[in-house]
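Here is what each chain is made of, one letter per residue.
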Amino acid sequence: MILFFFSSADMEPKSMMEIISTIDPTVIGLGNSEKANVAPATKPRKKTMTSLYLKFFETAPDGKSRCCKFCKQSYSIATATGNLGRHLNHRHPGYDKMGDAVANPAPQLTTVVKKTQSQPKAASVDFDNLNWLLLKWLIGASLPPSTLEDEWLVNSFRFANPMVKIWSGERFQAVFSEVFRSMREDIRSFLEQVNSKVSISLDFWTSYEQVSYMSVTGHWIDENWSLHKVLLDVCHIPYPCLGIDIYHLLVKILKMYNLENRILCCTHDNSQNAYHACHTLKENLDDRKAGSFCYIPCAARTLNLIIEDGLRTAKPMIAKIREFVLVMNTSSAISADFKYTTESYKEGSWEFPIDASNRWSGNYTMLDIVRKAFKSMDAVIRKHEETLLSRNLLLSPVERNAIIVMHDYLEPFYKTTNNICSSKVPTIGLVLFFMDHVVEMIASRRDSRNIPDWLKSAAEEMAKKARSYNSQVYNIFTYMSAILDPRIKSELVPENLNADNYLEEARSHFLRNYASSHFPSVPNGYNSLENEDGSSVSYAEEIARKRRRVSMTAASDELSQYLSEPPAPFTTDVLEWWKVNASRYPRLSLMARDFLAVQATSVSPDELFCCKGDEIYKQKFCLPHASTQAILCIRSWTESGCKLKYWSSDINYEKLMESAGAPGDCAAVGFDKKVK
């Protein structure tokens, strides 16, 4: 398979376009296994050369190569005789005394063809497949091209095969740039075919180079009720990331993807600058009458800040437990003693390594160890006195009691974050349901007489953050998003959000924007008396459905019919429910597709609450400025189902793997709609 050819001239500084221009898009491979033939620019001249070295080499019948009679190493017929001599001196010392080992000891004349300077070299394609596989590895691991310039990594490849040639970092960067450009065209074309509203979310971070970035991710639900999440862009934003700078970047990205009139909501990171940027964007869209638009804070970040307030007093004690866990994770002897002791004391079963991250999951695990295995922890510390006791890791009775109180207080928060992280689609309705429960928990603990004053003080700070979040997130848009979750509807919407006028506004929005006349009439109730799995319904369910039909017949619109039914169980797959019931609510289902794509969090909840977030942050933090945009975007696009492209042609990794004699790579499936 032919990919690229790189000559020694690649070592000279070139511009990015000069590098890309040297790569022929017709020889990437992409399924083509034929080798390229480079025609000579001028007819070569023949020159007769004689050398004593030639008697130790055999010329091939076709006259194109010769091989060493001792080791069979093959060389091109154009190889200089001086190189042949160096081969003999290095590989076969004393060769001139081994006359019996060669068939023709007498000197011989050999005709060779020397290339003129204007003649290009034949294309070297043996290991370009390897470079494309390395490129995909860099993308999947979010590593910069400079990773492959490490001396020992290069030496390792050369140990496997001395002929391996790894592309230079400059070459990899040029290919990354072209792949990014080609794939972004696909994403742009695909988004033009999306006929629902798109919501976006913002994330900010600073790299090791002290460069600030903003990422913008698009979210939408397609006709098959699949939720899509695609990184639209990663932008460098000048410090101190002012609201006006964020606003201009948002406008630029929306124009690039033609989303100005199709954006419904922006979920930001709770910072004041992002808040002001979203407010300016809303004013701009309202002035142009581009459609309804809202912006909301991130629920996960708010919940994380609330929990941090709760943990504030326990931080010194948690630090002691974490140090104990870190030692156990690295010492097989201490971890074995801990396992044995917990079994003896019946204090649970513990898997190593124990999560010791500084995320919420790790902090709660530290509390859990004291709550469930305090005797074992104390015994192991005392047994390994030299290693652990000298570090002052033993907890006093007061500290232990404080940890137990804190654990009991924060246990509902742990269950809440686990539910949000494990939810397939953490909708606005579900998250607001949990956040309302958090507010109730804080209020009940704050007013309790059984908790110490230091915890009441923490609860007050937690309550302030919760109230601030509610004041920003409660609006007509989040109300509509909540009631369109069939598990929530109006029955489980938080009381402060369930205002009387909101229902009328929601109905007005539905009738004005979705209740068009081109849909078929709405069926009253279910079409058949069967469950979704095809089994017959019970007699009680049959009676209940008849009553629901009566109530729905009198309803004035689909929204009223939908709300007249009881909420679905919490185990229900929201998108699957709407996929099944879209025929019953053809107009309302369009509204649901738009509003259920509104994100309750600006980042995935497990990135904030679980140790997974440490790895993601590390990858973004360590990328250099030249590679950040291309690598993060390409990785997101491939994870979303878009194939890697170079010069608008698919890079066929399955055939690359077949050419290496290895099992085919699991190529990502394409988008539901093929981009042309």
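Residues numbered from 1 in each chain as written. Predicted model: local features only at pLDDT ≥ 70, side-chain atom pairs only at ≥ 80, totals over all residues. Heavy atoms only, no water.

By the naming in an unreviewed UniProt entry, the chain goes by Transposase and is assigned to Stephania japonica. Taken from UniProt, the Subcellular location (unreviewed entry) comment for the chain reads in full: "Nucleus". Within the UniProt record for the chain, the comment given under Subunit (unreviewed entry) is "Homodimer." (UniProt positions renumbered as here; feature names shortened; annotations may be inferred.)

Peer 1: When you look at the packing of aromatic side chains in this model, what are you seeing that I'm missing?
Peer 2: In this structure the tally under the stated criterion is 27 aromatic pairs. For the pair Phe-338 and Phe-352, a centre-to-centre distance of 6.2 Å together with 85° between the ring planes defines the contact as edge-to-face. Remark: Phe-352 occurs in the loop between α10 (332–345) and α11 (360–383) and Phe-338 occurs in helix α10; sequence separation between them is 14 residues. Using a relative accessible area of 0% as the deciding quantity, one classes Phe-338 as buried. (Phe/Tyr/Trp six-rings, centres within 6.5 Å; stacked < 30°, edge-to-face > 60°. Helix = DSSP H or I, 4+ residues; strand = E, 2+ residues; numbered from the N terminus. Buried < 20%, exposed > 50% of the residue type's maximum accessible area, 1.4 Å probe, protein only.)

Peer 1: What am I meant to see in the pairing of strand β6 (residues 198–206) here?
Peer 2: Looking along a regular strand, one sees side chains alternate from face to face of the sheet. Counting buried residues in β6 gives 8 out of 9 residues, a clear majority hidden from the surface. In terms of strand pairing, β6 meets strand β9 (residues 263–268) through 3 bridges, oriented parallel. When the bridges of β9 are listed, Val-198 appears paired with Ile-263. Pairing of β6 with strand β7 (residues 212–221) involves 8 bridges; the strand directions are antiparallel. Residue pairing for β7: Ser-201 is matched across the bridge by Thr-217. Once β6 ends, the chain turns through 5 residues before running back antiparallel as β7, passing Gln-210 with a positive phi of about 65°. (Pairing = 2+ DSSP bridges.)

Peer 1: Looking at this model, I keep getting lost on the sheet that holds strand β4 (residues 74–76). Mind explaining?
Peer 2: In a beta sheet, neighbouring strands are held together by backbone hydrogen bonds and run either parallel or antiparallel to one another. Taken in spatial order, the 3 strands make up an open sheet running β2-β3-β4, and their pairing is antiparallel. Single-partner strands in this sheet number two, and they are β2 (57–59) and β4. Going across the sheet, the axis of each strand differs from the next one's by a mean of 30°, ignoring polarity. Direction of pairing for β2 relative to strand β3 (residues 65–68): antiparallel, over a ladder of 3 bridges. Each residue of the ladder has a partner; that of Glu-58, found in β3, is Cys-67. (Axes fitted to C-alpha atoms, helices over the stretch in contact; angles between N-to-C directions.)

Peer 1: It is not clear to me how the sheet that holds β7 should be interpreted in this structure. Could you clarify?
Peer 2: What the 5 strands build is an open sheet, ordered β8-β7-β6-β9-β10; its pairing is mixed. Only two strands of the sheet have a single partner each, and these edge strands are β8 (227–236) and β10 (294–297). For this sheet, the mean angle separating the axes of adjacent strands, direction not counted, is 20°. The pairing of β9 with β10 spans 4 bridges and is classified as parallel. Considered in β10, the bridge of Cys-266 is made with Tyr-295. Most of the contacts of helix α23 (residues 625–639) go to β8, to which it runs at about 175°, and overall it touches β6, β7 and β8. (Contact = heavy atoms within 4.5 Å.)

Peer 1: Would you explain the packing of α10 against α11 in this entry?
Peer 2: Geometry of a packed helix pair, given as the angle between the helix axes and the separation of the axes. At their nearest, the axes of α10 and α11 sit 9 Å apart, and the two run at 140° to each other. With respect to α11, the axis of α10 lies oblique. Between α10 and α11 lies a crossing whose hand is right-handed. Residues Ile-334, Asp-337, Phe-338, Thr-341, Thr-342 and Tyr-345 of α10 lie in contact with α11, whose contacting residues are Ala-373, Lys-375, Ser-376, Met-377, Ala-379, Val-380 and Lys-383. (Parallel < 35°, antiparallel > 145°, perpendicular 65-115°, else oblique. Left-handed = near helix turned anticlockwise from the far one by under 90°.)

Peer 1: Got a minute to help me understand the pairing of β10 in this structure?
Peer 2: Alternating positions in β10 separate into two faces, Cys-294 and Ile-296 on one and Tyr-295 and Pro-297 on the other, with burial throughout. A crossover connection joins β9 to the parallel β10 through helix α7 (residues 272–287); in handedness this β-α-β unit is right-handed. (Right-handed = clockwise from strand over helix to strand, strands pointing away.)

Peer 1: Mind showing me how you'd approach the nonpolar core here?
Peer 2: In a soluble, globular protein the nonpolar side chains are often hidden away together inside. One finds Phe-324, Phe-413, Leu-484 and Trp-578 to be the most contacted residues of the largest nonpolar core, which totals 101 residues. Counting residues per element, this core draws most heavily on α11, at 11 residues. Beyond its immediate chain neighbours, meaning those up to four positions away, Leu-484 contacts Tyr-562, Trp-578, Leu-588, Met-591, Ala-592, Phe-595 and Leu-596. In terms of nonpolar packing, the next biggest core, distinct from the first, is built from 67 residues, Leu-134, Met-256, Tyr-257 and Ile-634 among them. (Core = buried A, V, L, I, M, F, W, Y, C linked by side-chain atoms within 4.5 Å.)

Peer 1: Hey, could you run me through the packing of helix α8 (residues 299–311) against α11 in this one?
Peer 2: Relative to each other, α8 and α11 sit at 30°, their axes nearing to 11 Å. Between α8 and α11, the angle falls in the class roughly parallel. Relative to α11, the crossing made by α8 is left-handed. Within the contact between the two elements, α8 uses Asn-304, Ile-307, Glu-308 and Leu-311 and α11 uses Trp-360, Asn-363 and Leu-367. Class assignment of the residues belonging to the contact of α8 with α11 gives a composition of 4 nonpolar, 2 polar and 1 charged. (Nonpolar A, V, L, I, M, F, W, Y, C, P; charged D, E, K, R; others polar.)

Peer 1: I keep staring at the environment of Asn-501 and nothing clicks. Help me out?
Peer 2: By secondary structure assignment, the location of Asn-501 is in helix α16 (residues 500–513). In sequence terms Asn-501 and Ile-476 are 25 residues apart; their C-alpha atoms lie 9.2 Å from each other.

Peer 1: Can you walk me through the side chain of Glu-607 in this structure?
Peer 2: Of note, Glu-607 is situated in helix α21 (residues 605–609). Despite its burial, Glu-607 pairs with no opposite charge, the nearest such side chain being Lys-229 at 4.9 Å. When neighbours within four sequence positions are excluded, Glu-607 is seen to be in contact with Arg-359, Gly-613 and Ile-616. (Lys, Arg positive; Asp, Glu negative; His and termini not counted. Salt bridge = Lys/Arg side-chain N within 4 Å of Asp/Glu carboxyl O.)

Peer 1: I would appreciate a short explanation of helix α19 (residues 574–581) in the present structure.
Peer 2: Given 3.6 residues per helical turn, the α-helix brings residues three or four places apart onto the same face. For α19, the complete set of buried residues consists of Val-574, Leu-575, Trp-577, Trp-578 and Asn-581. One side of α19 holds all its buried residues, which, seen down the axis, span an arc of 155°. In the core, the buried residues of α19 are packed alongside β7, β8, α18 (558–564) and α20 (586–595). For α19, the side-chain oxygen to backbone nitrogen distance between the N-cap and Leu-575 is 3.2 Å, and the N-cap itself is Asp-573. (Arc of directions from axis to C-beta. Polar contact = N/O pair within 3.5 Å; in protein donor to acceptor, adjacent residues only side chain to side chain.)

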